[in-house]
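Letter by letter, the chains look like this.
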Amino acid sequence: MKFIDEFRDQTLARRLAEAIAAEARPERDYRLMEFCGGHTHAIYRYGVQHLMPPNVRFIHGPGCPVCVLPMSRIDQAILLATQHQVTLCTYGDLMRVPASGRQTLLKAKARGADIRMIYSTQDALRIARAAPERQVVFFAIGFETTTPPTAVAILTARREGLKNVSVFCNHVLTPPALATILATAGPDGVRLDGILGPSHVSTLIGSRPYNVVPERFGIPVVIAGFEPLDVMQSTLMLIRQLNSGRCEVENQYRRAVTEDGNRKAQALMAEVFKVRADFEWRGLGVLPESALTLADAYADLDAELRFPVEAAPTKEIRGCDCPSILRGVKTPTDCKLFGNPCTPENPMGSCMVSSEGACAAYWSYGRFREPNASLSRTA
Amino acid sequence: MKFIDEFRDQTLARRLAEAIAAEARPERDYRLMEFCGGHTHAIYRYGVQHLMPPNVRFIHGPGCPVCVLPMSRIDQAILLATQHQVTLCTYGDLMRVPASGRQTLLKAKARGADIRMIYSTQDALRIARAAPERQVVFFAIGFETTTPPTAVAILTARREGLKNVSVFCNHVLTPPALATILATAGPDGVRLDGILGPSHVSTLIGSRPYNVVPERFGIPVVIAGFEPLDVMQSTLMLIRQLNSGRCEVENQYRRAVTEDGNRKAQALMAEVFKVRADFEWRGLGVLPESALTLADAYADLDAELRFPVEAAPTKEIRGCDCPSILRGVKTPTDCKLFGNPCTPENPMGSCMVSSEGACAAYWSYGRFREPNASLSRTA
Amino acid sequence: MCLAIPARITAVHSTSDTATVALDGVSKEISLALVEDAKVGDYVLVHVGYALNTISEEEAARTLAMIAEMGALASTDDTP
Amino acid sequence: MCLAIPARITAVHSTSDTATVALDGVSKEISLALVEDAKVGDYVLVHVGYALNTISEEEAARTLAMIAEMGALASTDDTP
Amino acid sequence: MIADRRFPVRLDLERGTLELSHGSGGRAMAQLISELFQRHLDDELLLQGNDQALFQPPPGRLVMSTDGHVISPLFFPGGDIGSLAVHGTVNDVAMAGARPLYLAVGFILEEGFPLADLARIVESLARAAKAAGVAVVTGDTKVVERGKGDGVFITTTGIGVVPDGITISGDQARPNDRILVSGWIGDHGVAILSQRENLGFETQIQSDSAALHTLVASMIATVPDLHCLRDPTRGGLATTLNELAHQSGVGMQIRETDIPIRSEVAAACELLGLDPLYVANEGKLVAICPPEQATRLLAAMRAHPLGVDASIIGEVVEDPQHFVQMETGFGGSRILDWLVGEQLPRIC
Amino acid sequence: MIADRRFPVRLDLERGTLELSHGSGGRAMAQLISELFQRHLDDELLLQGNDQALFQPPPGRLVMSTDGHVISPLFFPGGDIGSLAVHGTVNDVAMAGARPLYLAVGFILEEGFPLADLARIVESLARAAKAAGVAVVTGDTKVVERGKGDGVFITTTGIGVVPDGITISGDQARPNDRILVSGWIGDHGVAILSQRENLGFETQIQSDSAALHTLVASMIATVPDLHCLRDPTRGGLATTLNELAHQSGVGMQIRETDIPIRSEVAAACELLGLDPLYVANEGKLVAICPPEQATRLLAAMRAHPLGVDASIIGEVVEDPQHFVQMETGFGGSRILDWLVGEQLPRIC
Ligand code: SF4
Ligand code: SF4
Ligand SMILES: [Mg+2]
Ligand SMILES: [Mg+2]
Ligand SMILES: [Mg+2]
Ligand SMILES: [Mg+2]
Ligand SMILES: [Mg+2]
Ligand SMILES: [Mg+2]
Ligand SMILES: [Mg+2]
Ligand SMILES: [Mg+2]
Ligand SMILES: [Mg+2]
Ligand SMILES: [Mg+2]
């Protein structure tokens, strides 16, 4: 697989590991946040962390749209499907996310709600065209990477005059989240020395929006690809910046990211969406101007307006450390629920649901390094 | 079972058989038409014909609403269910009746049409109440016995304001059919000496409507119950009338039939239905004033108006002798298709479908008396 | 198609104009919309979930007696 | 959630603004609505059925060369 | 019960429902098997956790039989699909004169089905198997999407061993043989129908669902020369007699008045326009034996709790047409044909 | 073929569809069995028409296994539900080292399903059984209402005989044993997924569905001391290894680079975000043997057409936690856990 296999090469990996070991200064540590769950997943799946010297530490960030979605939004989606009897379409990632009362979209489906897993917004349109008498709602979620496909679907629905399509919009913006984490760094927050930036997001928005990070917070950023060599090279690039006292946005993922990003996609997003005044991020709280909703000209396609539901305010699971983990303050094993009862089969928090969540990645790939690795406390 | 078991008594049957044998005059024969399929069924199922002397012969009449329904009406019902995507409810008797192109309601259901077998018009109403968004059509069929329950359903739908209920009406009237048969008796028709009258019809309309038969055609009638002793007693009553030269309507089924019938039910029918100008009877042709449709005040509940369909004119199966059998001119074994290919599994004509049809009754209960009883010609 | 069975009314539910009828240990709800004054203990003729008519016990007995009588005539000279 | 895979365009269907892409013997229809001037032979980054961007072969080669170079520095004094 | 470290959180057997993951082969399935199935099905071979069971059968000829069970409703008076799935196959094994030994059980379950109901069914299946002395040695579980199944389907396959000298088969009926039934006919089908809401009738009738192999054992102990045995399930007594007549190339002559039918069954059938001779049974058998053995066989049957109402209902006759004829209670005579169409959908 | 006088009109195998009556036990069912099933399934025992099959098994220990098959789509590149239903059970029998002998087949069919498709499936099943040398000796057919099934479900149950001296079971893995797979991993699951329209991808990959008992026979002929065999079906290789580790109370250490995975399979999995180690196989096996036998076993496997791509993928290790660990191609190390949730719904 071109552009994939080359970036998983074992020999290059060993050499990069040696370079990192050689260049990382023993007298200090390097606390590097991988913002993105894709990086977290790659780090655990390929065992990247075991190739690092002990003073180079990866801190998991909030870069998983599933993990940061508040429970109340899933509640709302379930109510939408059951009370309004619509066909609710969504990506597979959301199907097992816990809602209130141990509900999930999957369980709602098993009990009879018409919930479909789709692979593309085009599928939702196909479903809507095939059953004009049914209302089809697309439960949209994702960062800037996943937002433009939703925009295309909305524009297509408008152009074709599909009256039975609407969107339950949960698209969020990465820069505000990053800014919040950095702003709360400090005594009760997390100390970060560098950021591995979300490169698929930058494919769309470019690298420029991250300039604010070195400028305002004095922390270097490397826009990093998702293959393991990408992660390792980016790590070394951050170490070199730190060692040399530089502080800037560098782009490791030059093969797909430019400073400007994809202007066509940006224009489509600007046409269809507007920024919400504020939006709740799980773990980070309510962040201003951190999410999108449909622009006024497309408000008739907004499922929240078309099918109003009232979801009771939800409480997060007691004892779940997701909020702290998403801000990089804690690691999965700090959580008392990790492994018992919280496992991917019975996730208590969203970090255990998405395979990109820090808890799930650690559980699935990394827990054998723990002293009592099964972590079951029932025996 | 009170009022049932007593009328199936073997000892009384033997004695009645002896009385009939004693009283039937050897010099003549007695050609008695049981108008009703219920009688045909009883005669074969209990073996009544084998208790008769050879000169007392039962001629099967057209008294089976399934048997006399033209194929085009089934075609229409299938189109109704498939083209208009309605829920079509009907009695089980109709499910296997052949339509054009080897179709049946059962096959249409197997291919996905929403066709439900019900046991009462109340079931159709229940289905309609439970799914107000679906149109529910009751495929109504039957003689005067079965018509009043349809009337009650129509009145209930009107009273409850059920907007999703309508009726595809195929109710027919027995006296016109009987008159047609008797009017065509003669050289190319059938000679009849007496009539076993349909007693469950008379439960509703009384015995009086049959007075026309002795008066106009000079043929005696006995309104006969459906248990085998009822049939035998009625036979003896006819023989006695014929022997004594009387010619009148007698009522053997006095336990449930009066001269006047059920006036309440008659009033409901009069309220809801009106007589059609004419209607096709399978085997008998188009008979004037022989069927009912919804009265003008209830025309909005008429499925033929609400869901117009155009069924192509149908041809009856070539070689099927149903028309002659229904008029008493032929018996099942006269038909070249009887037994091969026509069997209850593969009925070619409607007389093989209903268990009250002459062909089906003979096939299912009586064919072992035939010289080559399996009647299969494939071996 | 005109299958109708005699069954005994065991309960009348006047609000819904229905009744429970029994036939040898089997009970069933039917509509009384077509009959008047049906009461517990009456036998009615049940067809597609409706009572068509009540059944007269006296007439039934009379019919059976007549059958017996008609048969008796023949069987007097019959020694089975 | 942001899983995106590089695949090669093997056919462009301009009327529907879609393309067929191939990845080692697997082919798939995707939308080109988000990219401009993508043509057969180009590699695009595929995400939820859409091409997000084209991939620069030169930049990829450059990155790999740089990785090799960065590693080479360390491994000069390394005899495995 | 020792907690399995693989499953820190127990299945919610009260309010939980089946999900596709319970059939996906992964940890959720392992947990379903461990916490629900193996709680009731505890045969040593099954607990080994292999995909197959290994055993040394006793010497002798074996019989094998399989039946899918797709009944609706799943719970009915006198049983449920769990016990039925045991009886349905145990009886087919027993109808060769065999002693049932091993059972394999395959579940096809519908997404969304309540775990509590599944547990009741599995418990009932286990109880019925224990009562019948058969070991559930291997099994399989699939979960299909909602709308692609009907709650629970169970396919059971049984193996039994046939005593030496016994040869019972549907082709052994000979003219003049006697035909017996082991008891009341039609109970199961009417009990199931009484649960169908749209039929709207009620009775006290219970399904006769039962394992017949001990009855068979005492029958062959008394009359080793038994010719045919068959359980008149789908299609009822009438169809079973036709099958045997066809298979043996004979005719049959039976007497309606000798067929045991409860008055409630007869009444329910009158109301619905059905014939009890076509209604399914799940705990009855038809036996055909040489004429001189018939009274001994009848006595042996009546001495067994499942055969107290047994009756000799007719004879095998020569008939190139293989008709089953019946002398009616009314004194006439008629054919008893194969079931036409489907009288009772989905009852076993 | 002599026309059966019971059925004057032949089934319409071109345009006909299943009706409930075909499962009702009556004449319509007898005709379906006679004209469709028995046309292809012509084992003498089955043709006898009894509800069970009677046979004298060869001496030795027997194994029994059952599997329900609920695959969608029913026809796929490299097979269909008919052949799959044979392979799925033959393989479970073979995984005890047994020679498969007898098969029982239970169909649960949906009203409205085309008879022509059913005939293709039955024909394929019969062909696969003949090729595998197993006799279909008994069967059962049920028809459920439209919307209560999914076309065709097939539950097969197999019996086989185990050669003396062979004891293969999932609990026999011992530290230092070697772990082998018989060939390319993930083909079946990817072939099935490629047929799902909503996934919208295409490949040339065929299902590997195959009967593995002859491969097993040559393996045990070479290495009678084989410890474990299992076919990595639902849950894939990863889950099967975890099952065996759990059952034997050991850990495992495998090498990603030694696992044979086709580039198309890897590519399809990348596109869908799946891991090929969790994707189902239907013609592959995992074997565990003592370390000194591993190369002989590998050679024996590679000498068989179904094992030419066999590979030694790792070792059994001591581990109280029963982890399956994998050295990644990248040089790192990670757990290979049980399948979580359902990766591939309804594929076997
Ligand atoms: S282990 Fe579970 S409960 Fe703990 S932080 Fe992670 S997701 Fe939340
Ligand atoms: S046997 Fe069949 S074809 Fe002949 S008259 Fe009767 S129904 Fe018609
Ligand atoms: Mg069986
Ligand atoms: Mg059975
Ligand atoms: Mg049987
Ligand atoms: Mg299995
Ligand atoms: Mg269902
Ligand atoms: Mg198995
Ligand atoms: Mg298998
Ligand atoms: Mg297996
Ligand atoms: Mg069977
Ligand atoms: Mg379906």
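Quick caveat: nothing in here was measured; it's all calculated off a predicted structure. (Residues numbered from 1 in each chain as written. Chains lettered and ligands numbered in written order. Predicted model: local features only at pLDDT ≥ 70, side-chain atom pairs only at ≥ 80, totals over all residues. Heavy atoms only, no water.)

1. Brief notes about the overall build of chain E
Looking only at helices and strands, one finds nine helices and 15 strands in chain E. Structurally, chain E occupies a C-alpha span of about 70 × 50 × 35 Å along its principal axes. Looking at chain E as a whole, 70% of its 348 residues are labelled buried. Accessible surface, chain E: about 10500 Å² in total, of which carbon and sulfur atoms supply 48%. Taken as two groups, the 26 positive and 43 negative side-chain charges of chain E have centres that lie 6 Å from each other. (Helix = DSSP H or I, 4+ residues; strand = E, 2+ residues; numbered from the N terminus. Buried < 20%, exposed > 50% of the residue type's maximum accessible area, 1.4 Å probe, protein only. Areas by Shrake-Rupley, 256 points an atom, 1.4 Å probe, with all protein chains shown as cover. Lys, Arg positive; Asp, Glu negative; His and termini not counted. Charge placed at Lys NZ, Arg CZ, Asp CG, Glu CD.)

2. What about the sheet that holds strand S1 (residues 53-55) of chain F?
Taken together, the five strands give an open sheet; going across it, the order is S6(E)-S5(E)-S7(E)-S2(E)-S1(F), and neighbouring strands pair in mixed fashion. The open sheet is flanked by strand S6 (135-144) of chain E together with S1 of chain F, the only strands paired with a single partner. Direction aside, the axes of adjacent strands within the sheet are offset by 15° on average. Of the pairings in the sheet, the one linking strand S2 (residues 61-69) of chain E to strand S7 (residues 152-162) of chain E comprises nine bridges and is antiparallel in character. Residue histidine 69 of chain E lies in a different strand from S7 of chain E, and its bridge partner there is isoleucine 154 of chain E. (Pairing = 2+ DSSP bridges. Axes fitted to C-alpha atoms, helices over the stretch in contact; angles between N-to-C directions.)

3. Overview of the domain arrangement of chain A
All names here are of chain A. Domain assignment breaks chain A into domain 1 (33-62 + 195-278), domain 2 (67-172 + 291-306) and domain 3 (322-362). Here domain 1 and domain 2 have C-alpha centroids that lie 28 Å from each other. Contacts between the two partners involve 15 residues from domain 1, matched on the other side by 22 residues from domain 2. Summed over the three residues of domain 1 that lose the most area to domain 2, namely Val272, Phe273 and Arg276, the buried surface amounts to 41% of that side. Scanning the region where domain 1 abuts domain 2 turns up two salt bridges. Here glutamate 304 and arginine 276 are joined by a salt bridge, their closest N and O atoms 3.0 Å apart. (Domains from an automatic or database assignment. Contact = heavy atoms within 4.5 Å. Buried area = accessible area lost by both parts, 1.4 Å probe. Salt bridge = Lys/Arg side-chain N within 4 Å of Asp/Glu carboxyl O.)

4. Notes on the sheet that holds strand S10 (residues 228-230) of chain E
Residues and elements named next belong to chain E. One open sheet holds the seven strands; their spatial order is S10-S12-S8-S13-S11-S14-S15, and the pairing between them is mixed. With partners counted over all chains shown, the strands left at the sheet margins are S10 and strand S15 (333-335), one partner each. Taken over all neighbouring pairs, the strand axes of this sheet differ in orientation by 25° on average, direction set aside. Note that strand S11 (residues 251-255) and strand S13 (residues 311-317) share four bridges and pair antiparallel. In the strand pairing of S13, isoleucine 254 is matched with glycine 314.

5. With respect to the relation of the copies chain F and chain E
Note on the copies: chain F fits chain E at an RMSD of 0.0 Å, the axial shift is 0.0 Å, and the rotation between them is 180°. Such values leave the two copies arranged in the relation of a two-fold axis. No C-alpha of chain F lies nearer the rotation axis than that of glycine 149 of chain F, which sits 2.2 Å from it. Interface overlap between copies is the fraction of interface residues in one copy that are interface residues in the other; for chain F against chain E it reaches 100%, indicating a shared surface. (Least-squares fit on C-alpha atoms with pLDDT ≥ 70 in both.)

6. A few points about the interface of chain F and chain E
With 80 residues of chain F at the interface, the matching set in chain E holds 80 residues. For the pair chain F and chain E, the interface holds six salt bridges. Between arginine 234 of chain F and aspartate 140 of chain E there is a salt bridge; the shortest N-O distance is 3.1 Å. Where chain F packs against chain E, one counts 40 residue pairs in polar contact (both at pLDDT 80 or more). Mapped onto the side of chain F that touches chain E, the elements with two or more residues apiece are helix H1 (27-40), S1, strand S2 (61-69), strand S5 (99-110), strand S6 (135-144), strand S7 (152-162) and helix H7 (236-248) of chain F. Bridge count between S2 of chain E and S1 of chain F: three bridges; the pairing is antiparallel. If you follow valine 63 of chain E over to S1 of chain F, its bridge partner there is leucine 54 of chain F. (Polar contact = N/O pair within 3.5 Å; in protein donor to acceptor, adjacent residues only side chain to side chain.)

7. Focus: the pattern of salt bridges
Residues and elements named next belong to chain A. As enumerated under the stated definition, the model contains 88 salt bridges over all chains in all. Taking the shortest distance from any N to any O, the salt bridge between arginine 246 and glutamate 250 comes out at 3.3 Å. Judged by its relative accessible area of 33%, arginine 246 is partly exposed. A relative accessible area of 17% means that glutamate 250 is categorised as buried.

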